[in-house]
Amino acid sequence: MSAGGSIVRTGRVKLVRSSRDGREQIIKILSPGDLLGLEVFYDGRVYENSAVAMEDSDLCFIEKADFFKILNKEPSVARKIMVALGMELHHAYERISNLGLMNARENLAHLLYSLANEYGVECDEGIRLNLMLSRLEIAELLGITQETSIRLLKSLKEEGILDIKRKEIIISHLDRLAELGGVE
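Just so it is clear, the structure is predicted and the values come from calculations on it, not from any experiment.

Asker: Which parts of the structure should I look at to understand a nonpolar patch on the surface?
Answerer: On the surface, a nonpolar cluster with roughly 340 Å² of combined accessible area is contributed by Leu89, Tyr93 and Ile96. Summarising the element assignment, Ile96 is placed in helix 2 (residues 75-101). For Ile96, a relative accessible area of 60% gives the class exposed.

And the structure:
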């Protein structure tokens, strides 16, 4: 298969990185318009992540040579991609910083706050995440054990900050999540 990248056209896709011992960590959840696989454009690298559809999804593949032709012909596309990649880099730096400076509870609160802003839908009880995540997937997003994610979610539920119905999370107090997650 030739080198190239993809764009998510419809659906949601999780990017997963696996360790040698089989543990997985979700790197990012992609939505329509998000790019993936561009790492192969750098020095012919092999793509090291797995893309797993979270729901029915369509992806558009573009070969490396065609991608660069478009960038040369369409400076406005190049600018939009630069902005998107700059934003991606900012989020990656922020996530690395949070993982090093926050404890697991703070990281969970920050993650849920971010997911509420990106995927939240207002409902009578507060904000419903329009994204079904298992406790294991939450753990993989944070790089913690499933048991820890279950315990932390339970404590947030007991405090009345959120409610959980199967894989559905409803956030009752977004302001308290922001406070716990160090969101300014």
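Alright, that's what it looks like, and here's the rest.
Asker: Just checking my understanding: could you explain helix 4 (residues 135-142) for this structure?
Answerer: Because each turn of an α-helix spans 3.6 residues, side chains separated by three or four positions in sequence point in the same direction. Counting buried residues along helix 4, six of its eight residues qualify, which places the element largely inside the surrounding structure. Residues of helix 4 that are buried make contact with strand 2 (13-18), strand 3 (24-30), helix 2, helix 3 (104-119), helix 5 (146-158) and strand 10 (168-171). Phi for Gly143, located one or two positions after helix 4, is positive at around 70°.

Asker: Can you walk me through the pattern of salt bridges in this structure?
Answerer: Oppositely charged side chains may form a pair once their charged atoms are brought near each other. Following the criterion strictly, the structure yields 10 salt bridges and no others. Between Glu137 and Lys14 there is a salt bridge, with the nearest N and O atoms lying 2.8 Å from each other. Here Glu137 is found in helix 4, whereas its partner Lys14 is found in strand 2, with 123 residues between them in sequence. Accessibility classification places Glu137 together with Lys14 in one group, the buried group. Of the charged contacts, one joins Glu168 and Arg128 as a salt bridge, the two residues approaching to 3.8 Å between their closest N and O atoms. Residue Glu168 is located in strand 10, and its partner Arg128 is located in strand 8 (residues 126-129); the two are separated by 40 residues in the primary sequence. For Arg128, a relative accessible area of 25% corresponds to the partly exposed category. Several salt bridges converge on common partners, so that one network encompasses Arg105, Glu159 and Arg176.

Asker: Please explain the packing of helix 4 against helix 5 as it appears in this structure.
Answerer: Each pair of packed helices gets described by two things: the angle between the helix axes and the distance between those axes. Viewed as axis vectors pointing N to C, helix 4 and helix 5 meet at an angle of 105°, and their least axial separation amounts to 8 Å. Taken together, the axes of helix 4 and helix 5 are roughly perpendicular relative to one another. In this structure, helix 4 contributes Arg135, Leu136, Ile138 and Ala139 to the contact, and helix 5 contributes Gln146, Ser149, Ile150 and Leu153. For the contact of helix 4 with helix 5, the residue count by class is five nonpolar, two polar and one charged.

Asker: Please clarify how the pairing of strand 1 (residues 4-10) should be interpreted in this entry.
Answerer: Working note: regular strand, side chains alternate between the two faces of the sheet. The pairing of strand 1 with strand 6 (residues 58-63) spans six bridges and is classified as antiparallel. Looking at strand 6, one finds that Thr10 is bridged to Asp58. Here two bridges tie strand 1 to strand 4 (residues 35-36), and the two strands are oriented antiparallel to one another. Considered in strand 4, the bridge of Ser6 is made with Leu36.

Asker: Would you mind showing me how to read the nonpolar core here?
Answerer: Across soluble globular proteins, you tend to see nonpolar side chains buried next to one another. Within the largest apolar cluster, 26 residues are counted, with the highest numbers of intra-cluster contacts made by Leu108, Leu112, Ile138 and Ile169. Of all the secondary-structure elements, those providing two or more residues to this core are strand 3, helix 3, strand 8, helix 4, helix 5, strand 9 (162-165) and strand 10. For this core, the leading source of residues is helix 3, giving seven residues. Contacts of Leu108, omitting those with residues within four sequence positions, involve Ile138, Leu142, Leu152, Leu153 and Leu156. Membership of the second largest hydrophobic core comes to six residues, among which are Val40, Phe41, Leu71 and Ile81.

The rules behind the values
Residues numbered from 1 in each chain as written. Predicted model: local features only at pLDDT ≥ 70, side-chain atom pairs only at ≥ 80, totals over all residues. Heavy atoms only, no water. Patch = residues over 30% accessible without salt bridge, like charges linked within 9 Å, V, L, I, M, F, W, Y side chains within 5 Å. Areas by Shrake-Rupley, 256 points an atom, 1.4 Å probe, with all protein chains shown as cover. Salt bridge = Lys/Arg side-chain N within 4 Å of Asp/Glu carboxyl O. Helix = DSSP H or I, 4+ residues; strand = E, 2+ residues; numbered from the N terminus. Buried < 20%, exposed > 50% of the residue type's maximum accessible area, 1.4 Å probe, protein only. Contact = heavy atoms within 4.5 Å. Axes fitted to C-alpha atoms, helices over the stretch in contact; angles between N-to-C directions. Parallel < 35°, antiparallel > 145°, perpendicular 65-115°, else oblique. Nonpolar A, V, L, I, M, F, W, Y, C, P; charged D, E, K, R; others polar. Pairing = 2+ DSSP bridges. Core = buried A, V, L, I, M, F, W, Y, C linked by side-chain atoms within 4.5 Å.

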